[in-house]
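Listed here are the chains, written in short residue letters.
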Amino acid sequence: AGLVDSWKALMLHHAIVIVAAAGRGGRAPRPGRGGRSNRSDAPDWAKPPAEGRQKRASTSKPPPNGGGGRGERTNDGARAASSKATTSKGEPSRERAVRASDDLRAVSANASTKNFDDGGRGTTTLFDDGGRGTTLEECLRYEREGHTCIRGAVDAMEMIPMVKALSGEIMSRRMEAYRHRVSVLCPQVDARELRDVEDAKRALKKHSQEDVGFLQTFNLHREQTSAAREYIMSKRFAKIAAELMGCERARIYQSCIFVKEPGMAETNWHSDLNMVPLDTNDFVTLWIPLRSLEEDDAALHFANRSHRDFSLPYWRTLEGMEDLEGRYEIDTYDELDLGDLTAHHGWCLHWSPPQPEDCVPRYALSVCYFADGARRLDTDQLRRVPHDEDAWSYDSWLKDIKPGAVAKHPELPIVWP
């Protein structure tokens, strides 16, 4: 009961900070802190995109001068297999690769035969005025650099009901989020047997070889009774995504709420499409903070133009990707107000630093979209398979679509137009 009361108190404090910030135009006050090093000094790729996650702080510290490299999903997104699932050279183990390949090849007997209404299901919540859309400058920056910032995508006061709805889901699904972290970081533990959050924390401390970088709650937009659904499915966000991708029709692939509690570790370099079983390049993630973020908060950092770096995976082995210092310029958007969002391409490499222990938790909604017409990966002759960390998102529909078939499914709804 004490833990529940403490968590509720923290959430109440968070709501008060949000409302106060919105009333002043979005910026919440922070107690003074000492200076810190520039977060553009991102860590090197300690490991290549296809494998290892963050090592425990006691055994691995990020170097002082990062440069390029490969976090929400991660997801805060495509981090790779744990050390127990890789060989000594960093290649995915044969056992894990075979298991993943079998999962991708599995197709139900009635695949692609389901009849359903595939019309647009985007909501008009937050869309009364038609949405602000994107500017030419924002679209050009997204195309060139692989990321952009949409300031004032939603009015701060309009965001408050959305934040309240999502915050309620964070509270009610906290145990579910911890079970997911345990299932990813401690595959030898049956997460279903965990009784409470403290039990999950003990399992992570005992069995995980990595620090916890975030918690995530998946796909509230698929829950018909969730108060958050109408906001996640909003045409206001979908319009922005479609304009950035330059497509006529956009589908939601996945939605996640990412939580970085005070003291949680960095999220490693990754690209989101590395975990998606779709054969497409038209994929964008909108990252929407649920409170104003100041300089000390763990915002996303992006490797400029990495989404266009075809030579990296084409020419380099996994070992050759380990040292990419200086390959990219690193960029971020400091001091995001409530109602601002960032957008990044599915192949854009990004990471997130630790959340300082003297900050309140950082909450962000991440919604991933893809252009209608994308096909499910054909499993024949793949050089690699998608990382399975986001299997919670695609397990429910993957077997219903034949490999190589257009990805049409009730759980991949059209939200624009």
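Residues numbered from 1 in each chain as written. Predicted model: local features only at pLDDT ≥ 70, side-chain atom pairs only at ≥ 80, totals over all residues. Heavy atoms only, no water.

### As for the pattern of salt bridges
Here comes step 1: Summed over all chains, the structure comprises 18 salt bridges.
Here comes step 2: Asp129 is the partner of Arg236 in a salt bridge, and the nearest nitrogen-oxygen pair spans 2.5 Å. With Arg236 in helix H8 (residues 235-245) and Asp129 in the loop between helix H2 (94-105) and helix H3 (136-145), this residue pair connects regions lying 107 residues apart in the sequence.
Here comes step 3: Arg236 sits in the buried class, given a relative accessible area of 5%.
Here comes step 4: Glu176 serves as the salt-bridge partner of Arg173, at 3.6 Å between the closest nitrogen and oxygen.
Here comes step 5: Here Glu176 falls in the partly exposed class, since its relative accessible area comes to 29%. (Salt bridge = Lys/Arg side-chain N within 4 Å of Asp/Glu carboxyl O. Helix = DSSP H or I, 4+ residues; strand = E, 2+ residues; numbered from the N terminus. Buried < 20%, exposed > 50% of the residue type's maximum accessible area, 1.4 Å probe, protein only.)

### Some words on the pairing of strand E9 (residues 341-345)
Here comes step 1: Judged by how many residues are buried, E9 sits mostly within the fold: five of five residues are covered.
Here comes step 2: Residues Leu341, Ala343 and His345 of E9 are buried on one face, and the alternating residues Thr342 and His344, pointing to the opposite face, are buried as well.
Here comes step 3: Where strand E1 (residues 147-150) meets E9, four bridges bridge the pair, whose relative direction is antiparallel. Its bridge partner being in E9, His147 is matched across the sheet by His344.
Here comes step 4: Looking at chain direction, strand E6 (residues 283-289) and E9 are connected through four bridges and run antiparallel. Pairing of Val284 across the sheet is with His345, part of E9. (Pairing = 2+ DSSP bridges.)

### Quick notes on unusual backbone geometry
Here comes step 1: In the segment running from Trp416 into Pro417, the intervening peptide bond is cis, with an omega of 5°.
Here comes step 2: Inspection of the secondary structure puts Pro417 in the segment after strand E13 (414-416).
Here comes step 3: In this structure, Leu126 is a non-glycine residue whose phi angle is positive, near 70°.
Here comes step 4: With respect to the secondary-structure elements, Leu126 resides in the loop between H2 and H3.
Here comes step 5: On the accessibility criterion, Leu126 (8% relative accessible area) is buried.
Here comes step 6: Positive phi is not limited to glycine here, since Glu335 has a value of about 55°.
Here comes step 7: As for its position among the elements, Glu335 is in the loop between strand E8 (330-332) and E9.

### What to know about a nonpolar patch on the surface
Here comes step 1: Together, Phe310, Tyr314 and Trp315 make up an exposed nonpolar region whose accessible area comes to about 460 Å².
Here comes step 2: The residue Tyr314 is located in helix H9 (residues 311-315) in this model.
Here comes step 3: The exposure class of Tyr314 is partly exposed, given its relative accessible area of 46%. (Patch = residues over 30% accessible without salt bridge, like charges linked within 9 Å, V, L, I, M, F, W, Y side chains within 5 Å. Areas by Shrake-Rupley, 256 points an atom, 1.4 Å probe, with all protein chains shown as cover.)

### What to know about helix H4 (residues 156-172)
Here comes step 1: End to end, H4 covers 24 Å across 17 residues, agreeing with the expected 24 Å (1.5 Å per residue, within 8%).
Here comes step 2: Of all the bends in H4, the greatest measures close to 25° and is centred on Met162.
Here comes step 3: If you check which residues of H4 are buried, you get Ala156, Met159, Ile160, Met162, Val163, Ala165, Leu166, Ser167, Glu169 and Ile170.
Here comes step 4: For H4, the capping residue at the N-terminal end is Asp155, with a side-chain oxygen 2.9 Å from the backbone nitrogen of Met157. (Expected span 1.5 Å × (residues − 1). Bend = angle between axes of the 7 residues up to and from the residue. Polar contact = N/O pair within 3.5 Å; in protein donor to acceptor, adjacent residues only side chain to side chain.)

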